[in-house]
Amino acid sequence: MQENQILDALTREGVLINVSIRYWRGSKKLCPEDIGLKPEHLSDRLISLGQKRLLPKEALAGLSLIEGRAHSLVEQNTFPFLHGLGHFLPNAKLEEVTAKLSTLEGEFWQEKEQFMQRYSQLRDQAIREWEAMAEKLAENPEQLVAKIEQAFPLSLKKYFGFEVQLFQVALPERLNLDAVSLEDQRQIMQARQQAAQTAGLKIQKDVEVFVADC
């Protein structure tokens, strides 16, 4: 089948890559009471109040920059796969991209440690700024400041992560996605491996469209 030939080519020529970066964003949902409004006077269908920053934007600028560089690196070296659901990374770019991502991961954890060292100081400074701001915003400034203080986590460990995942596309009789390591993928370049998770005929057709677009 033509679909099998297409997917066989994808198996040999590259992998799907996914980069997931997590860090504490330092924000919480903005409530009507935070800016002196009554909830019953607002409509969720028409108005979204967005987020309130617990910390100034520049406090997390380093982490945000690394996240942007990582995603930009993936975007520039891959093809959108299945209408943007994934990113197809050709084998020719595999070593270069994973090496640069490894460097960015090191910078990410270093930036995280620097942020953690400043966290208490940044929190105390932000609360003082909120105390001044609350006097202008809220009918009950003490309540607003108390909510801000409670919104700061005691521990931030679970909020940080930098993960790079590689997936092989294979089709013995059906489309499969198997998570593989970089070392596994080097072997895949020489010998085809089988995968395990079924997709369907629609995905096969989408892959054909993807290859044609490339």
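Further up the page is the structure itself.
In short, a report on the structure.

### Observations concerning the overall build of the protein chain
Step number 1: Looking only at helices and strands, the protein chain features six helices and seven strands.
Step number 2: Its helices and strands taken in sequence order, the protein chain reads α-β-β-β-α-β-β-α-α-β-β-α-α from the N to the C terminus.
Step number 3: Of all 214 residues assigned to the protein chain, the portion counted as buried reaches 37%.
Step number 4: Contacts in the protein chain between residues far apart in sequence, at least 24 positions, make up 70% of those at least 6 positions apart.
Step number 5: When the accessible surface of the protein chain is totalled, it reaches about 13100 Å², and 50% of it is carbon and sulfur.

### Overview of the nonpolar core
Step number 1: By size, the foremost hydrophobic cluster in this structure holds 37 residues, and its most contacted members are Trp24, Phe115 and Phe152.
Step number 2: Elements that contribute at least two residues to this core include exactly strand E1 (14–22), helix H2 (61–77), helix H3 (91–137), helix H4 (141–151) and strand E6 (161–170).
Step number 3: The contacts of Phe115, once residues within four sequence positions are left out, are Trp24, Leu55, Ala59, Leu60, Leu122, Leu156 and Phe160.

### Focus: the side chain of Glu67
Step number 1: Position of Glu67 relative to the elements: it lies in helix H2.
Step number 2: Judged by relative accessible area, which is 14%, Glu67 ranks as buried.
Step number 3: Excluding residues within four positions of it along the chain, Glu67 makes contact with Ile21, Tyr23 and Arg25.

### Structural notes on the packing of aromatic side chains
Two descriptors summarise a pair of aromatic rings, namely the distance from one centre to the other and the angle between the planes of the rings.
Step number 1: Summed over all chains, the structure comprises nine aromatic pairs.
Step number 2: An angle of 85° between the planes, with centres 5.8 Å apart, marks the rings of Trp24 and Tyr119 as edge-to-face. Here Tyr119 lies in helix H3 and Trp24 lies in the loop between E1 and strand E2 (27–29), a separation of 95 residues in the sequence. Residue Trp24 shares its accessibility class with Tyr119, and that shared class is buried.
Step number 3: A ring pair is formed by Phe108 and Trp109, whose centres lie 5.1 Å apart and whose planes are at 80°; its orientation type is edge-to-face.
Step number 4: Trp109 gets classed as partly exposed once you look at its relative accessible area, which sits at 32%.
Step number 5: Linked through ring pairs, Trp24, Phe108, Trp109, Phe115, Tyr119, Phe152, Phe160 and Phe162 together constitute an aromatic cluster.
Step number 6: If you follow Arg25 out to its NZ or CZ, it ends over the ring of Tyr23, 3.8 Å from the centre.

### Focus: a negative patch on the surface
Step number 1: A cluster of acidic residues, Glu131, Glu135, Glu142 and Glu149, forms a negative patch at the surface.
Step number 2: Every element with two or more residues in the negative patch is listed here: H3 and H4.
Step number 3: Mapped onto the elements, Glu142 comes out in helix H4.

### Here's the deal with the pattern of salt bridges
Step number 1: Overall, the coordinates contain six salt bridges when judged by the stated rule.
Step number 2: With its nearest N and O atoms 3.1 Å apart, the salt bridge here joins Arg69 to Glu107. Here Arg69 is found in helix H2, whereas its partner Glu107 is found in helix H3, with 38 residues between them in sequence.
Step number 3: You can call Glu107 partly exposed: its relative accessible area is 28%.
Step number 4: The shortest N-O distance in the salt bridge between Lys93 and Glu96 comes to 3.8 Å. In this pair, Lys93 and Glu96 both sit in helix H3, three residues apart, roughly one turn of the helix.
Step number 5: Judged by relative accessible area, Lys93 falls into the partly exposed class, the value being 32%.
Step number 6: Three or more residues are tied together by salt bridges with common partners; here these are Lys93, Glu96 and Lys100.

Calculation criteria
Residues numbered from 1 in each chain as written. Predicted model: local features only at pLDDT ≥ 70, side-chain atom pairs only at ≥ 80, totals over all residues. Heavy atoms only, no water. Helix = DSSP H or I, 4+ residues; strand = E, 2+ residues; numbered from the N terminus. Buried < 20%, exposed > 50% of the residue type's maximum accessible area, 1.4 Å probe, protein only. Contact = heavy atoms within 4.5 Å. Areas by Shrake-Rupley, 256 points an atom, 1.4 Å probe, with all protein chains shown as cover. Core = buried A, V, L, I, M, F, W, Y, C linked by side-chain atoms within 4.5 Å. Phe/Tyr/Trp six-rings, centres within 6.5 Å; stacked < 30°, edge-to-face > 60°. Lys NZ or Arg CZ within 6 Å of the ring centre and 35° of its normal. Patch = residues over 30% accessible without salt bridge, like charges linked within 9 Å, V, L, I, M, F, W, Y side chains within 5 Å. Salt bridge = Lys/Arg side-chain N within 4 Å of Asp/Glu carboxyl O. Lys, Arg positive; Asp, Glu negative; His and termini not counted. Charge placed at Lys NZ, Arg CZ, Asp CG, Glu CD.

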